[in-house]
Amino acid sequence: MMEFSIWDLIRNLGVGAAWTLGLSLTAFVLGGVVGLLVLAARVGPWPRLNRLAKAYIVVFQGTPLLMQLFLVFFGIALAGVDVPAWLAAAIGLTLFTSAYLAEIWRGCVEAIPKGQWEAAASLALSWGEQLREVILPQALRIAVAPTMGFSVQVVKGTAVTSIIGFAELTKTGSILANATFQPFLVYGLVALGYFLLCFPLSRFAARLERTFHARSH
Amino acid sequence: MLVRIDGLHKHFGANHVLKGIDLRVKEGEVVALIGRSGSGKSTLLRSINGLETFDDGLVEVDGERLHADQTDLRALRLKVGMVFQQFNLFPHLSVGRNVMLAPRTVRQTSVAECESLARAMLAKVGLADKFDAYPDQLSGGQQQRVAIARALAMQPKVLLCDEITSALDPELVNEVLATVRQLASEGMTLIMVTHEMRFAREVSDQLVFMHQGRVHESGDPKDLFAAPQTAELAAFLGAVG
Ligand SMILES: Nc1ncnc2c1ncn2[C@@H]1O[C@H](COP(=O)(O)OP(=O)(O)OP(=O)(O)O)[C@@H](O)[C@H]1O
Ligand SMILES: [Mg+2]
């Protein structure tokens, strides 16, 4: 059996945490972009596309993230493409994130009074211009808090990618736990790692919300 | 004719709200739409700029035609301005930016030009000094005048006003009516839904009384007020005083 010092543990877990952070950022940024498109499809003046976007959201919200990940991982493999775990993890989490963000943002868009759309429309702004110039700037303000709140869920959600073998924080932790026979210590450090990633996000969310509240314009 | 409406029909589900409306409005004319709640005044007005679709008939403004289920409304909306009961100013933009938004976005006028246009429009409604204020810093009457300036900045051929003083405290009604009166005297074509009967009689050239989705009676406001031809209009005028 190899000997691990506490520093070895921390160094290894740090690498895992970096992967967790990278995966979270990727999922959040790409999920945000895809989510914006899904949002447009969901609230735009196109009935067919509305239904399609709604189905997309319902499917991703109504199934466990783990199953989505399995389907991406094994689905792509079924098509004869050998997909690395990190790619499957990134794709799976991006889709998951996009669906949730689209739904969160839809709520924010729908909280803007209908009169705002109508005033913009009466000024001959196209639908896209109405959304961009009038609706989104107002929706953004109320979207900040739930969006940042959800980002914490994304970070924690990355843990399930350990099951398809992606060596992020949880996976690294389970490997080390097996090697050291000190699961309590290792998983304690893993939990601390997640906390260190998530706590600043929560704090940041709270601060952003206060800023947006104070600055009413 | 600047505005022509022919055989306009509109249903909300099973509710037949407009039952064949015909209306002609000449350039520079001021039309007052009156009638009981639910008679279809707002629906008619909103059909003229495509905020409401209709089932049958035709709307034409300055040669720009709108058919039932038409989706491209830009050309029409460039000719038609609208002022709403609830003002609907954009709360995230300053007063000046509210007025500049459409010229900037839709007409792609330069910022400098938009700004001088906005200042001119705000001066017209007596709010030149509010350029940098935000909507929530203004009284209701001031907000409504900004809304008028915002609509005017697109240089519409006709301005639609849907009960634009109904949400105002009584002491603020007159400043908005004065602005509308001034527009009328400058030759702006106006179609307004109003419950201000005295104002309608004084300012309008054509009074249109709607009843159950139809134009029940219309004509010169002086004549109609003095001698309504139908029992319904007489009853309506009696009820509102
Ligand atoms: N979005 C809508 N969906 C369903 N029914 C509607 C809708 N808008 C209006 N209606 C109905 O259409 C009819 C005409 O409404 P409209 O708002 O045009 O009346 P109005 O003459 O403007 O009344 P008011 O004086 O109260 O403003 C009413 O019976 C109303 O309930
Ligand atoms: Mg109405």
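Refer to the structure printed above.
Here the structure is a predicted model, which means the values were calculated and not measured. (Residues numbered from 1 in each chain as written. Chains lettered and ligands numbered in written order. Predicted model: local features only at pLDDT ≥ 70, side-chain atom pairs only at ≥ 80, totals over all residues. Heavy atoms only, no water.)

1. A look at the site of ligand 1
Residue and element names in this part refer to chain B. Near ligand 1 the following residues occur: Phe-12, Asn-15, Val-17, Arg-36, Ser-37, Gly-38, Ser-39, Gly-40, Lys-41, Ser-42, Thr-43 and Glu-163. Between ligand 1 and the protein, one listed contact pairs an oxygen atom with a side-chain N or O atom of Asn-15 at 3.3 Å. Here an oxygen atom of ligand 1 and a side-chain polar atom of Ser-37 are 2.6 Å apart. In isolation ligand 1 has 630 Å² of accessible area, and contact with the protein removes 59% of it. Elements with a minimum of two residues in the shell around ligand 1: β2 (15-25) and α1 (41-48). At 3 residues, α1 tops the list of elements feeding residues into the shell around ligand 1. Taken together, the residues that form the shell around ligand 1 break down as 2 nonpolar, 7 polar and 3 charged. (Near = heavy atom within 4 Å. Polar contact = N/O pair within 3.5 Å; in protein donor to acceptor, adjacent residues only side chain to side chain. Areas by Shrake-Rupley, 256 points an atom, 1.4 Å probe, with all protein chains shown as cover. Helix = DSSP H or I, 4+ residues; strand = E, 2+ residues; numbered from the N terminus. Nonpolar A, V, L, I, M, F, W, Y, C, P; charged D, E, K, R; others polar.)

2. Focus on the sheet that holds strand β6 (residues 80-83) of chain B
Residue and element names in this part refer to chain B. Sheet architecture is open: 6 strands sit in the order β6-β7-β8-β3-β9-β10, paired in mixed fashion. Whereas interior strands pair on both sides, the edge strands pair on one side only; in this sheet they are β6 and β10 (214-219). Here the strands of the sheet are splayed against their neighbours by 20 degrees on average, with no regard to which way each runs. Bridge analysis of β6 against strand β7 (residues 158-162) gives 4 bridges, and the strand direction is parallel. Bridge assignment links Val-80 to a residue of β7, and that residue is Val-158. The sheet strands contacting helix α5 (residues 140-152) are β6 and β7, and the helix crosses β6 at an angle near 170 degrees. (Pairing = 2+ DSSP bridges. Axes fitted to C-alpha atoms, helices over the stretch in contact; angles between N-to-C directions. Contact = heavy atoms within 4.5 Å.)

3. A few points about the nonpolar core
Counting residues in each nonpolar core, the largest one holds 75 residues, and the members touching the most others are Ile5(B) and Ile191(B). For this core, the element with the most residues is helix α4 (residues 85-110) of chain A, which contributes 10 residues. Setting aside its immediate chain neighbours within four residues, Ile191(B) contacts Val3(B), Val25(B), Val31(B), Leu33(B), Leu45(B), Ile48(B), Val158(B), Leu159(B), Leu160(B) and Cys161(B). (Core = buried A, V, L, I, M, F, W, Y, C linked by side-chain atoms within 4.5 Å. Buried < 20%, exposed > 50% of the residue type's maximum accessible area, 1.4 Å probe, protein only.)

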